[in-house]
Amino acid sequence: MQTTFQDLNVSTPLLNAIEDLGFIHPTPVQEQAFSVVRSGKDVVGIAQTGTGKTFAYMMPILRDLKFSDQKHPRVLVLVPTRELVLQVVEEIEKLAKYISLRVLGVYGGANINVQKREIMQGQDIVVATPGRLYDLALSKALNMKSIQKLVIDEVDVMLDLGFRFQLLNIFDVLPERRQNIMFSATMTEDVDELIQDFFKSPEKISIAVSGTPLDNIAQQCYDVPNFFTKVNLLNHFLKDKETFTKVLVFVAFKRTADLLFNSLDESFADEICLIHSNKTQNYRIRSIRQFDEGKNRILVATDVMARGLDFDGVSHVINFDTPSFPENYMHRIGRTGRAEKEGQSILFSTQKEQENKEAIEELMGIQIPKIALPEEIEISEILTEDERPREDIERSKNRSGLEYVPGPAFHEKSEKNSKTNQGGSYRREIANKYKKPKTRGDKNYNKRNKK
Ligand code: AMP
């Protein structure tokens with residue numbers, strides 16, 4: 001028989017909140033983490049987002065957090081991005097619906113004085129990005145002497161973003177007697193080193209063998225020759241608005257994300273948003289909100305940025321490229337089919353990416369069903385800089401001021417394929433874009449939003 005939240009000995013106010021949310025059974029990570037976190041020992045959990053890990057550490061913490069009106073916070077949750085601060089705060093508020101709890105999210109880029117005032121009012125839990133947290137501690141606005149529990153969520157992402165130094169600084173100003181609770185989607189060398197250095201014989205929680213695809217995700221893959229043919233295929237899918245209702249498109253690099261964003265059909269302009277780490281905070285928050293609320297149907301995202309985010313009802317995850325780390329594929333597809341909902345994942349692979357795909361299939365122990373490229377998809381002749389042979393790039397560099405337009409060595413488009421809605425200037429436009437990637441006004445956006 002499946003465990004219930006009552007079996008876990010969750011307190012009544014929490015049970016009521018969980019019932020309001022409609023959750024029936026604890027997820028495996030919640031089941032495993034509950035007593036371990038309550039024991040007070042250091043805990044290391046390896047779990048992907050989408051497994052319910054936020055509640056996994058928050059349920060036992062809130063279960064034992066007694067009401068207090070003391071000023072200094074007792075629980076500190078560190079997360080890598082501002083977006084995640086907002087999301088974790090939201091989750092905590094949902095869970096704490098029937099208890100009296102003060103929770104505050106703080107992150108860089110926002111007014112620090114406002115945050116100082118909010119901290120001074122007294123908080124129980126502070127959720128923070130490491131840089132801002134340290135600034136607040138240094139300024140004495142935030143007193144850390146009462147912190148009993150430190151949660152570090154998405155440690156792998158945090159270390160990826162170069163936060164190790166800030167983390168060490170924070171450890172220095174925290175009380176030595178505290179419980180450390182850490183969650184990471186993957187076990188990297190950096191994560192392991194951090195655990196060895198700062199954790200006292202931690203209890204390990206590991207959810208499913210990493211690489212096991214979630215059962216309720218249908219997977220498909222397409223062999224696609226190059227970037228711009230992938231764009232054509234993606235455009236083809238996105239036109240089907242009834243099926244592709246909430247689409248998360250993953251790309252590995254920021255510049256590819258920008259190029260893709262700019263290359264998608266104009267007709268989707270009002271439906272697409274973008275997120276990667278070069279975007280301003282306001283831009284990112286707006287993108288997430290619009291996608292989450294359904295105002296934008298399509299979100300183009302890089303791996304690191306989207307890892308910790310939690311979106312409801314993503315109908316499709318499109319892997320625009322094939323990740324070279326198979327684990328990243330697992331993270332990506334885990335964004336659909338979340339918490340018992342059906343989802344669909346589609347993978348695009350070029351010839352060069354076949355090896356990556358094989359590694360993913362090996363990790364999962366299954367073959368991803370392959371679908372033939374629909375006939376109506378135009379095979380693009382245009383190559384991105386990465387796709388072009390080296391000497392070609394040198395040659396075009398020497399023709400200063402000239403756009404790169406493929407020469408006669410490339411085969412002509414068939415008549416059928418030339419009848420697309422991309423207009424006569426499409427090729428020139430794209431060639432221009434790839435030479436000088438633009439980020440759809442983001443620079444100006446930054447200027448406008450400078451405080
Ligand atoms: P997380 O892994 O913390 O990002 O959670 C993923 C999603 O699952 C969030 O939307 C949670 O609100 C939801 N969730 C958490 N616990 C449960 C549960 N026991 N049953 C169903 N959904 C849950």
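Notes on the structure follow. (Residues numbered from 1 in each chain as written. Predicted model: local features only at pLDDT ≥ 70, side-chain atom pairs only at ≥ 80, totals over all residues. Heavy atoms only, no water.)

### Considering the sheet that holds strand β1 (residues 43–46)
Strand pairing in a sheet relies on backbone hydrogen bonds. The paired strands run either parallel or antiparallel. To be explicit about the condition: Here, strands pair whenever DSSP counts at least two bridges between them. Comment: elements are numbered from the N terminus, with helices defined as DSSP H or I runs of at least four residues and strands as E runs of at least two. Lines fitted to the C-alpha atoms define the axes, with helices restricted to the stretch that makes contact. Angles between their N-to-C directions range from 0 to 180 degrees.
With parallel pairing, seven strands are arranged side by side in an open sheet as β3-β4-β2-β5-β6-β1-β7. Strands with a single pairing partner mark the edges of an open sheet, and in this sheet they are β3 (103–106) and β7 (203–206). Recorded for the sheet is a direction-independent mean angle of 15° between the axes of neighbouring strands. Relative to strand β4 (residues 125–128), strand β2 (residues 75–78) runs parallel, the two being bridged by four bridges. Within the sheet, the bridge partner assigned to Leu76 lies in β4 and is Val126.

### Regarding the environment of Lys97
Which entries qualify depends on this criterion: Here a polar contact means two N or O atoms within 3.5 Å. Within protein one must be a hydrogen donor candidate and the other an acceptor candidate, and residues neighboring in sequence count only if both atoms are side-chain atoms.
Along the chain, Lys97 falls in the loop between α4 (82–95) and β3. As for Lys97 and Ala17, which are separated by 80 residues in sequence, their C-alpha atoms are 5.9 Å apart. Within the structure, the side chain of Lys97 is placed 2.7 Å from the side chain of Asp20, a separation counted as a polar contact.

### Considering the nonpolar core
Worth spelling out the cut-off: Buried residues of nine kinds, namely Ala, Val, Leu, Ile, Met, Phe, Trp, Tyr and Cys, make up a nonpolar core once their side-chain atoms join them within 4.5 Å. When accessible area is computed with a 1.4 Å probe and restricted to protein chains, residues below 20% of their type maximum are described as buried, those above 50% as exposed, and intermediate ones as partly exposed. Note on contacts: a residue pair is in contact if any heavy atoms of the two residues lie within 4.5 Å.
Within the largest apolar cluster, 40 residues are counted, with the highest numbers of intra-cluster contacts made by Val10, Met58, Met59, Leu62, Val77, Ile125 and Val127. Those elements giving two or more residues to this core turn out to be α1 (12–21), α2 (28–38), α3 (53–64), β2, α4, β4 and β6 (179–184). Ranked by residues supplied to this core, first place goes to α3 with seven residues. Setting aside residues up to four positions removed in sequence, Met58 forms contacts with Val77, Ile92, Leu95 and Ile125. Residues Leu76, Tyr134, Leu150 and Met158 belong to the second largest nonpolar core, which totals 31 residues.

### Here's the deal with unusual backbone geometry
One non-glycine residue, Glu154, lies in positive phi territory at about 55°. Mapped onto the elements, Glu154 comes out in the loop between β5 (149–152) and α7 (155–160). Residue Glu154 is classed as buried on the basis of its relative accessible area, which comes to 3%. The phi dihedral of Ser201 falls on the positive side, at around 20°, and the residue is not glycine.

### Side note on the site of the ligand
Counted only if it meets this: We call a residue near a molecule or strand as soon as one heavy atom of that residue lies within 4 Å of the molecule or strand. Values of accessible area rely on a 1.4 Å probe in the Shrake-Rupley scheme; residue burial ignores everything except the protein chains shown. Each domain span listed reflects an automatic or database assignment of domains.
Around the ligand, the surrounding shell holds 16 residues, and the nearest of these are His25, Gln30, Gly50, Gly52 and Thr54. Residue Gly52 places a main-chain N or O atom 2.7 Å away from an oxygen atom belonging to the ligand. The fraction of the free accessible surface of the ligand (500 Å²) that becomes covered by protein chains is 92%. Each of two domains, domain 1 (6–207) and domain 2 (217–382), supplies a minimum of three residues to the shell around the ligand.

### Remarks on the sheet that holds strand β13 (residues 343–349)
Strands sit in the order β8-β13-β12-β9-β11-β10 across an open sheet of six strands; the sheet is parallel. The two strands at the open ends of the sheet, each matched to only one other strand, are β8 (217–223) and β10 (272–275). Adjacent strand axes in the sheet meet at a mean angle of 20°, parallel and antiparallel pairs treated alike. Relative to β13, β8 runs parallel, the two being bridged by seven bridges. Its bridge partner lying in β13, Asp223 is registered against Ser349. Those strands touched by helix α11 (residues 254–263) are β9 (247–251), β10 and β11 (298–302), and its axis lies near 170° from that of β10.

### Overview of the packing of α1 against α3
The condition is simple: Note on angle classes: values under 35 degrees are labelled roughly parallel, values over 145 roughly antiparallel, values of 65 to 115 roughly perpendicular, and the remainder oblique. Polar here means any residue outside two lists: the nonpolar Ala, Val, Leu, Ile, Met, Phe, Trp, Tyr, Cys and Pro, and the charged Asp, Glu, Lys and Arg; Gly therefore counts as polar.
In contact at an axis separation of 11 Å, α1 and α3 are set at 150° when each is read in the N-to-C sense. Comparing their axes, α3 and α1 come out roughly antiparallel. Residues Leu14, Ile18 and Leu21 of α1 form the contact with α3, whose participating residues are Phe55, Met59, Leu62 and Arg63. Partitioned by chemical class, the residues of the contact of α1 with α3 number six nonpolar, no polar and one charged.

### Concerning the packing of aromatic side chains
The condition that has to hold: Ring pairs are drawn from Phe, Tyr and Trp, using the six-membered ring of Trp, whenever the two centres fall within 6.5 Å, and their geometry is named by plane angle: stacked under 30 degrees, edge-to-face over 60, tilted for the rest. Here, a charge over a ring means that NZ of Lys or CZ of Arg falls within 6 Å of the ring centre while also lying within 35 degrees of the ring normal.
With the rule as written, the count across this model stands at eleven aromatic pairs. A centroid spacing of 5.0 Å and a plane angle of 85° characterise the contact between Phe291 and Phe311, whose relative ring orientation is edge-to-face. Of this pair, Phe291 sits in helix α12 (residues 281–292) while Phe311 sits in the loop between α13 (303–306) and β12 (316–319), placing them 20 residues apart in sequence. Taken together, the ring pairs in this structure connect Tyr222, Phe227, Phe228, Phe237, Phe244, Phe320 and Phe348 into an aromatic cluster. Over the ring of Tyr283 we find Lys279, and its NZ or CZ is 4.7 Å from the ring centre.

Geometric values such as these leave the question of function open.
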